[in-house]
Structures are given as structure tokens and as C-alpha cells.
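Each chain is listed here by its residues.
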Amino acid sequence: MPIIVLLSTTLVLAFSSLVALFPAAIAPELSGVLSVSSATIGLQVSLIFAGAMLTSLVGGPLTRRLGPCRTSQLSLALLGGGAAMMAMPTLPTFALASLVAGLGYGMTNPSASVLLVRFTPPERRGLIFSVKQSGVPLGGVIAGASAPVLALVVGWQAGLLLLSAIALLGIVALQWRRESWDDQRDPDTSWLATPFSGLDVVWRQRSLRYVALLSLCFSAIQLSVSAFTVALLVEDLDFGLVEAGLVMSGVQVTGVVGRIGWGEIGDRLGDRLMALAIIACTTAVAALLVATMTPAWPKWLVIVLLGLLSFSSLGWNGVFLAEITQLAPPHRIADAAGGCLVFTYGGVLLGLPMVNLLHSVVGDYTSVFAILAGISVAGLWLIHQARRARCMDRVS
């Protein structure tokens, strides 16, 4: 049973990432059809996360009302419906479709958290949640590999409709487990009447509040590292575009390894806040080293340091989600996960414009990475506060 739960939740998350990143992988094709720039197509990711923030607000009570399995099925339905709507070649429909898909994206983690807590051992949750979170970069890898091929072979619209068909298959497959996974649901739960219940749980408990704010910092750093590594290499360090793209692919793979590795480290330490503190320190040091890079540096050393930065800055998610399940009241885990993820997605939405603004002020990407190191140090302070609050929670 734990293996089936882990596989199911990982695949649902991977599919949500695939739908979110599929348009960006065929941006040149879509930009011509929709008569906008490729950069405008990239902004649909912001709409995805805006939708995800909305459903994260109600993810907890909705999961209690429907059950985690039915909530996952609803998530797939919204993701598949959003993909089908994207196949309609008009810009307003494309924007609305991105928002719809985002609503499905935001339901994945609260429901998955309930299932994983119920069916997996507490002492292994760091690793288990980290394996599940590897679905995000896995979906990105699949999108990058499949979307351009599908666009060339069957057309971009057929590729999006294929995603809808996959969503339908997923809904059917999950139905097999619906009765046993949703046997603890409460149909009388009102989910729209209390849309901020998750935020309320997080803000009332100081340890959860600091962990949520930490995720805002970490997600902003993660997005910046993922989005601007190629620009750093090409504009500041004289790498070729193809060469920089290959480095970026390697950096993403390192991030996947980091997610699983940090999950194992957190479990072995028996203190996931300590693991997050080590991640923050490693990220700060690596970002500062990146900030000192010049074109005279050996390329192998540049690649090694970027790999170290990716290993830490992209590897925190599973440890973070596992710690939420440890801190939250047992009957409010989905609420706490949804409430914390509102802050996480907020960091995603704020990170890109913030880095763009900083780059326009300082003029180069290496200096921006020094600022990312400062954000990581701020995260270290939040972890310290979370540890103090956790001790106070246990005493009370």
C-alpha cells in the first residue's frame, strides 16, 4: 500500500508539472498562433500559480469533504480540462485555461499530504515526501522532451488533447482506490465557508508560521536559480547558448538528486528543521561563490558550483512538507499544507519580477546571486525562530 500511495501521488504531481510547463516548451509555436511574444507565453506559469494559490486556500477543508483520492481526481479533471482549453487558439481562452489548470495544481499537495501521512511511517516521511516532490522536475523533464516532438509529429493542439486523455486515464485508475483511501472523509465539511482556514491554522501556530515564511524565501531562490542560470552563463560568463542549456539540464538533474538526498538526511538526523538549516547555509555559501565568478574561471569549476547551488536550493521541498506534517495538529494536516503552500506559491509569483528588478538595478546576474545568498540567510533566521517556537509548542 505505501508504494502505491507514493507512486500515485508522485505521478499526479508530475502530471501537474507537465501540464504547467508544456506550453513553455513549445512557446515559439504558440507565440505565432496567438500573435504574442514567447516571453508572454512564459507568463502563463504565473497564472498557473495564481490558480494554485486559490485552491491552496481551500485545499484542507475540500480534502476533508471529498477525501484525498476524490480531491486528486478533481485535480486531474481541472488539469486535463485546462489542457483541453489551451488547445483553443485564442489568447483569452489560453489565459483562462492556465488559471483552470492552476486550480488543479493547487489541490495536489494537500491531498497527497493526507495520504502519505496516513499510509507511510513517520520516521521516513522526509525521504518519502522528497521522492514525491521529485515529480515536479520529472514533469518538467517530460515536458521538455515530449512537447516539441508532439508539436512536430501530431501538432501542438493534439499534444494538449493527449494530456487531457492522460488525465482521464488517471481519474479512472485512482477510482480503484477511492473506497479505501476516502473512508475517513467528512461529507458535511463546509469548504467554501472558511476559505482562509488553512492560513488561520498556519498563522496561529508560530512554528508553522515561520516555516511558511521560510518556504516563501526558498521558493523565490529556487525559481531564480532555475530561471536565470542560462542567462548568467551566457551574459556574464561567456558560455555558448547550447553549452549553457546543457549545463542547465545537468543542474536540474542535480536538483532532483538533492530532493531525495536531503529527504534522507532529514530522516537520519531526526530533525528536519536542522536539515533545512543546513540547506540554507549551503545555498548561501554556494550563491556567494557564484557571485564571485568571472569569465576567467575554469568552466568545470563553474559547473560544479552551480551543481552545488542546485543541490541545495532545489532540494528543500520534501523536507519542508514533511516538517509541516510533524508540526501541524493531526486532524489539520491538509489545512496546514494548503496554508503553507499559499506562501510557497507567493514566493514563486514574487521571485521572478523581484530578480528582474534587481538585475535592472545592479546590471549583472552574478550580483543578483549575492542577493539570493542574503535571502537564504534570512531563511536561516526563520528556521531559528521556528525551532524556538517548536520547543515552546511542545512545552505548552
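See the structure above.
A short tour of the structure in this document, coming up. (Residues numbered from 1 in each chain as written. Predicted model: local features only at pLDDT ≥ 70, side-chain atom pairs only at ≥ 80, totals over all residues. Heavy atoms only, no water.)

Let us look at the environment of L314. Position of L314 relative to the elements: it lies in the loop between α16 (299-313) and α17 (317-327). In contact with L314, not counting residues within four places along its chain, are Q222, V225, S226, Q252, G255, R259 and L309. (Helix = DSSP H or I, 4+ residues; strand = E, 2+ residues; numbered from the N terminus. Contact = heavy atoms within 4.5 Å.)

This part is about helix α1 (residues 2-25). With 24 residues, α1 extends 33 Å between its outermost C-alpha atoms, agreeing within 8% with the 34 Å of an ideal straight helix rising 1.5 Å per residue. The sharpest bend along α1 reaches about 30 degrees and sits at V19, with the proline P23 one to four residues further on. (Expected span 1.5 Å × (residues − 1). Bend = angle between axes of the 7 residues up to and from the residue.)

A word on a nonpolar patch on the surface. A grouping of V149, L152, V153 and V154 is seen on the molecular surface, where their side chains present a nonpolar patch of about 430 Å² in accessible area. Note on placement: L152 falls in helix α9 (residues 135-153). On the accessibility criterion, L152 (77% relative accessible area) is exposed. (Patch = residues over 30% accessible without salt bridge, like charges linked within 9 Å, V, L, I, M, F, W, Y side chains within 5 Å. Areas by Shrake-Rupley, 256 points an atom, 1.4 Å probe, with all protein chains shown as cover. Salt bridge = Lys/Arg side-chain N within 4 Å of Asp/Glu carboxyl O. Buried < 20%, exposed > 50% of the residue type's maximum accessible area, 1.4 Å probe, protein only.)

Right, let's talk about the nonpolar core for a bit. Core analysis: the biggest nonpolar cluster contains 104 residues, and L208 and L276 have the highest contact counts within it. Of the residues forming this core, the biggest block, 14 residues, is contributed by helix α13 (residues 206-237). (Core = buried A, V, L, I, M, F, W, Y, C linked by side-chain atoms within 4.5 Å.)

Tallying each qualifying case throughout the model produces 11 salt bridges. Between E264 and R124 there is a salt bridge; the shortest N-O distance is 3.0 Å. Here R124 lies in the loop between α7 (108-119) and α8 (125-133) and E264 lies in helix α14 (residues 241-269), a separation of 140 residues in the sequence. You can call R124 partly exposed: its relative accessible area is 30%. Close ionic contact of D267 with R272 constitutes a salt bridge, the shortest N to O distance being 3.2 Å. Bridged by salt links that share partners, the residues D271, E323, R387 and R390 form one connected network.

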